[in-house]
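Coordinate inspection notes
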Amino acid sequence: MAALSGHGRAAGGGDDGVIRRLRRASADVSEWRMTTAHRTALALLAAAPLLAGCEDGGIIDQLLPERGFTVASTSMEPTLPRGTRITAERVTPDEVARADILVVRDQRGESYVFRVIGLPGDTIELREGVPVVNGTAAEQASRGTYTVAGDEEDEVPFPAETMTRLSETLPGSDARHDILDLRETEVDNFGPVTLGKSEYFLLGDNRDNAADSRFGPEPVGLGIVRSEQILRRVILPADADKR
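Below: a short report on this structure. (Residues numbered from 1 in each chain as written. Predicted model: local features only at pLDDT ≥ 70, side-chain atom pairs only at ≥ 80, totals over all residues. Heavy atoms only, no water.)

**Observations regarding the pattern of salt bridges**
- This structure, assessed with the given rule, holds 13 salt bridges.
- Across the salt bridge formed by R143 and D178, the nearest N and O atoms sit 2.4 Å from each other. A residue pair is termed long-range when its members are at least 10 positions apart, and R143 in strand 11 (residues 139-148) and D178 in strand 13 (residues 176-181) qualify at 35 residues.
- Under the relative-accessibility criterion, R143 is labelled partly exposed at 41%.
- Residues R176 and D178 are paired through a salt bridge, measuring 3.1 Å at the closest nitrogen-oxygen approach.
- The exposure class assigned to R176 is partly exposed, which follows from its relative accessible area of 48%.
- Looking at D178, the relative accessible area reads 7%, which means it is buried.
- What emerges from the salt-bridge pattern is a single network uniting R143, R165, R176 and D178. (Salt bridge = Lys/Arg side-chain N within 4 Å of Asp/Glu carboxyl O. Helix = DSSP H or I, 4+ residues; strand = E, 2+ residues; numbered from the N terminus. Buried < 20%, exposed > 50% of the residue type's maximum accessible area, 1.4 Å probe, protein only.)

Quick look at the structure:
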């Protein structure tokens with residue numbers, strides 16, 4: 001069993017089962033969907049050298065009020081099942097609130113989508129799977145079970161898994177969301193770690209299958225997020241709480 005500390009890097013090399021699960025959660029969002037408004041913006045700015053600005057955080061990307069993505073892993077189920085198309089809006093670090101879902105860029109340049117648990121200055125830990133923010137534990141309650149569909153043709157094949165579904169309310173937030181708990185795992189306990197003035201701590205809603213802030217960039221994690229890594233905030237689909 002690998003002990004987790006600091007920014008979530010596993011001491012002693014980690015556990016192969018955990019790494020296999022995390023590899024399939026390491027690239028969370030993809031596929032920019034252009035709307036008519038997006039095409040108009042591009043037409044107004046049309047110049048071949050600027051097209052590189054379409055990349056996450058690029059010149060043109062920063063001018064678009066909203067942008068579309070497709071969720072590419074199971075790490076945010078049940079809120080955002082794999083394959084869900086989402087819209088994300090521009091957001092500044094000062095506008096980010098606890099429980100927001102953000103699109104962020106990792107140190108390798110890949111995009112992730114995860115939920116905000118910790119804000120700058122917070123002390124964060126996990127105790128038996130429950131987030132603790134500044135000494136106050138999140139409220140969790142059972143909501144039955146949920147089955148995550150498997151994919152034997154994925155780059156890292158995985159079977160369907162039925163998990164415990166829990167509702168969760170984070171300290172300092174009135175918003176309730178659902179999370180998944182597979183079983184007691186090595187990643188149920190973490191920290192404590194105190195965030196710097198520009199640092200954020202993010203978790204996947206599929207808590208035992210998410211390469212989130214509990215894990216450093218090597219081999220597959222996101223690590224603690226700095227403000228400059230924040231790209232956008234997800235606008236939740238109207239039916240997100242009914243899934």
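**Thoughts on the side chain of Q229**
- Take Q229: it is sitting in the loop between strand 16 (225-226) and strand 17 (230-235).
- A relative accessible area of 12% places Q229 in the buried class.
- For Q229, the side chain forms a polar contact with the main-chain oxygen of R105, separated by 2.7 Å.
- Residue contacts for Q229: discarding those within four places in its chain leaves V103, V104, R105, D106, Q107 and I224. (Polar contact = N/O pair within 3.5 Å; in protein donor to acceptor, adjacent residues only side chain to side chain. Contact = heavy atoms within 4.5 Å.)

**Re the packing of aromatic side chains**
- Summed over all chains, the structure comprises two aromatic pairs.
- With a centroid separation of 5.6 Å and an interplanar angle of 40 degrees, the aromatic rings of Y112 and F114 are classed as tilted. For the pair Y112 and F114, one class covers both residues: buried.
- Centre to centre, the rings of F190 and F201 are 5.2 Å apart; their planes meet at 40 degrees, and the pair counts as tilted. Here the residue F190 occupies a position in strand 14 (residues 190-194), and F201 occupies one in strand 15 (residues 199-203), the gap between them amounting to 11 residues. Like F201, F190 is buried. (Phe/Tyr/Trp six-rings, centres within 6.5 Å; stacked < 30°, edge-to-face > 60°.)

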